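Chain and residue survey
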Amino acid sequence: MKSINRANLSCNIHRVVIKLGSLAVTKEDGDIKLDNLKSFVEDIAALKKSNPKTEIVIVTSGAVNAGKSFLALDDLTSNKEMAIKQAAAAIGQPLLMHVYSELFKGQQLTVAQILLIHDDIKNKVRYLNTKNCLQNLMQNNIIPIINENDTVSFEEISVGDNDNLAIMIAELISADLILFLTEADGLFTKNPKEDGAKKFETVALESFNIDEIDLSTKTSVGRGGMRSKFESIRKVNKLGITVIIATYERARPIMTAITSEVGTLFLPYQQKIKKRKSRLLTTLKKHSAIIIDDGAWKALKSNASLLAIGIKNVRGEFKRGDTVAIEINKNTIASGLVEYDSFEIKKIMGQKSSTFKNLLETYHSDVIIHKDNLIIIE
Ligand code: GLU
């Protein structure tokens, strides 16, 4: 595999996901940052002009922040948090799209809005529909602008944050690059506003010691943060996708990040995950896990399926067909597509498969996760 660096990056990218966080597009009080959006749009137009074959998808946050000042209740920490966010997103999303649409029109480019929830990517049919739609738009030189469909989303089914959404989309369209435009200009050893913070120019996560950094930095607006970004980046680097984190607070932020040594460049893994299994990494269901014992972990490492006998516990609720994390000693070590609902696994965990027919109403399989639907993360 050719190694990626800044000098050859722009010739090696065909499909790019650009992720714009809430503070890249809105002020703390929710006003849309018109100047920022203008410069993003000009830059994307320039990128397309320099290589008309480049396909670009935007994942934008900011809908909740842009809409919340219109609501009487803006206490997002109250127990009405989810309802307020849903309403705020319904107000803010069209405001945001209107600005994007007008600015791109000024560059003779057309945009399309796509709002997704986790199920749209998890469900095979909806995944393929979304993929076909995106391909169709990109082939027609339209710029898809994607956000989570916050209005119908709630904790259990949410993508989590738009960093996660961006990596799902990158997997879906087989992107070559994700550019995260953030406040910070890359990955630092600690909060970049603190003295002595050191920036990483290039990072190969395949051989990176996570203890070198403090990942607790998070902005007050939006849901992501450095930890979530870091976890997301690791997943897509494993799929062969390059990632850049760079600041939105400079002139020509997109072109500069792609063509010069700014921000942090995260290199794709040399050892890539097979395309067939890539969705298992990006569609992991939040808040749920299967906890296994040492024997099962040993078996998984030697390429076996996950059996009920090695399962110690189940956390959260999930359904047959969901992608669920597999944990040992509180560490996620694998993920896979489950053959049974969580309540069924609770009935058969620790048991041999010969007992399933007596313990369950419906029998699906002798295994809980088949080895073909499982990937080892660590
Ligand atoms: N979808 C949310 C919004 O548009 C943002 C989620 C996030 O910040 O990651 O406001």
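Above: the structure in question.
Description of the structure in this document. None of the values given here were measured: they were computed from a predicted structure.

Within helix H8 (residues 162-172), 11 of the 11 residues are buried, leaving the element largely enclosed by the surrounding structure. Restricting attention to buried positions, one finds in H8 the residues Asn-162, Asp-163, Asn-164, Leu-165, Ala-166, Ile-167, Met-168, Ile-169, Ala-170, Glu-171 and Leu-172. Where H8 starts, the residue carrying a side-chain oxygen 2.9 Å from the main-chain nitrogen of Asp-163 turns out to be Asp-161. Looking one or two places after H8, you find Ser-174, whose phi comes out positive at around 50 degrees.

Once that is clear, we can look at helix H12 (residues 294-301). In an α-helix, one turn spans 3.6 residues, which is why side chains three or four residues apart end up on the same side. What H12 keeps buried is the set Ala-296, Trp-297 and Leu-300. Buried residues in H12, looked at end-on, bunch into an arc of 100 degrees, giving them a common side. Away from its buried face by more than 90 degrees, H12 exposes Asp-294, Lys-298 and Lys-301. Elements in contact with the buried residues of H12: strand E9 (289-292), strand E11 (323-328), strand E12 (331-337) and strand E13 (374-376). Put simply, Asp-293 is the residue that caps the front of H12, since its side-chain oxygen is 3.2 Å from the backbone nitrogen of Gly-295. Where H12 terminates, the next one or two residues include Asn-303, which has phi positive at roughly 70 degrees.

Ordered by their spatial adjacency, five strands build an open sheet running E10-E9-E11-E12-E13, and the pairing between neighbours is mixed. Sheet topology places strand E10 (311-315) and E13 at the edges, where each strand pairs with a single neighbour. When strand polarity is set aside, the average angle formed by the axes of neighbouring strands in this sheet is 25 degrees.

As a further point, take the packing of aromatic side chains. Counted according to the given criterion, the structure contains two aromatic pairs. Note on Phe-200 and Phe-208: the rings are 5.3 Å apart at their centroids and 75 degrees apart in plane angle, and the pair reads as edge-to-face. For Phe-200, a relative accessible area of 8% puts it in the buried group. Plain terms: the ring middles of Tyr-340 and Phe-356 are 5.9 Å apart, the flat faces sit at 80 degrees to each other, and that makes the pair edge-to-face. Residue Tyr-340 is found in the loop between E12 and helix H13 (342-348), and its partner Phe-356 is found in helix H14 (residues 356-359); the two are separated by 16 residues along the sequence. Across the pair, Phe-356 and Tyr-340 agree in class, each one buried. Geometry around Tyr-127 places Arg-279 over its ring, the cationic atom sitting 4.2 Å from the centre. Between Lys-357 and the ring centre of Tyr-363, over which it is positioned, the NZ or CZ distance is 4.3 Å.

Right, let's talk about the packing of H8 against helix H9 (residues 226-238) for a bit. At a minimum axis separation of 9 Å, H8 and H9 run at an interaxial angle of 10 degrees. With respect to H9, the element H8 is oriented roughly parallel. In this structure, H8 contributes Asp-163, Asn-164 and Ile-167 to the contact, and H9 contributes Ser-228, Lys-229, Ser-232, Lys-235 and Val-236. Residues that form the contact of H8 with H9 fall into these classes: two nonpolar, three polar and three charged.

Taken together, the eight strands give an open sheet; going across it, the order is E3-E4-E2-E1-E5-E7-E8-E6, and neighbouring strands pair in mixed fashion. Each end of this open sheet is capped by a strand with a single partner; those strands are strand E3 (111-116) and strand E6 (202-203). Direction of pairing for E6 relative to strand E8 (residues 264-266): parallel, over a ladder of two bridges. Opposite Val-203, over in E8, you have Phe-266 as the bridge partner. Each of strand E1 (15-20), strand E2 (55-60), strand E4 (143-148) and strand E5 (177-182) is contacted by helix H3 (residues 34-50), which is oriented at about 160 degrees to E2, the strand it contacts most.

What counts and what doesn't
The numbering scheme is per chain: residues are counted from 1 as the chain's sequence reads. Local features in this predicted model are restricted to residues whose pLDDT is 70 or higher, and side-chain atom pairs enter the listing and the counts only when it is 80 or higher, whereas totals over whole chains, interfaces and linings include all residues. Values shown for side chains rest on all heavy atoms present in the structure; no hydrogens or waters enter the calculation. Note on classification: 1.4 Å probe, protein chains only; a residue is buried when its accessible area is under 20% of the maximum for its type, exposed when over 50%, partly exposed between these limits. Put simply, DSSP H or I for four residues or longer makes a helix, DSSP E for two residues or longer makes a strand, and each gets a number counted from the N terminus. Whenever two N or O atoms come within 3.5 Å, that pair is a polar contact, provided that in protein one can donate a hydrogen and the other can accept it, and provided that, for residues adjacent in sequence, both atoms are side-chain atoms. In this context, the arc is that of the directions from the helix axis out to the C-beta atoms. Pairs of residues are marked as contacts when any of their non-hydrogen atoms sit within 4.5 Å. Here a strand pair is declared whenever DSSP counts at least two bridges between the two strands. To get an axis, a line is fitted to the C-alpha atoms, and for a helix only the part in contact is used. The angle between two axes follows their N-to-C directions and goes from 0 to 180 degrees. Within 6.5 Å between ring centres, the rings of Phe, Tyr and Trp (the latter by its six-membered ring) count as paired, and their orientation is classed by plane angle as stacked under 30 degrees, edge-to-face over 60, tilted in between. Any Lys NZ or Arg CZ that is within 6 Å of a ring centre and within 35 degrees of that ring's normal is treated as a charge sitting over the ring. In what follows, roughly perpendicular refers to angles from 65 to 115 degrees, roughly parallel to angles under 35, roughly antiparallel to angles over 145, and oblique to any angle outside these ranges. We call Asp, Glu, Lys and Arg charged. Ala, Val, Leu, Ile, Met, Phe, Trp, Tyr, Cys and Pro are nonpolar, and the rest, Gly among them, are polar.

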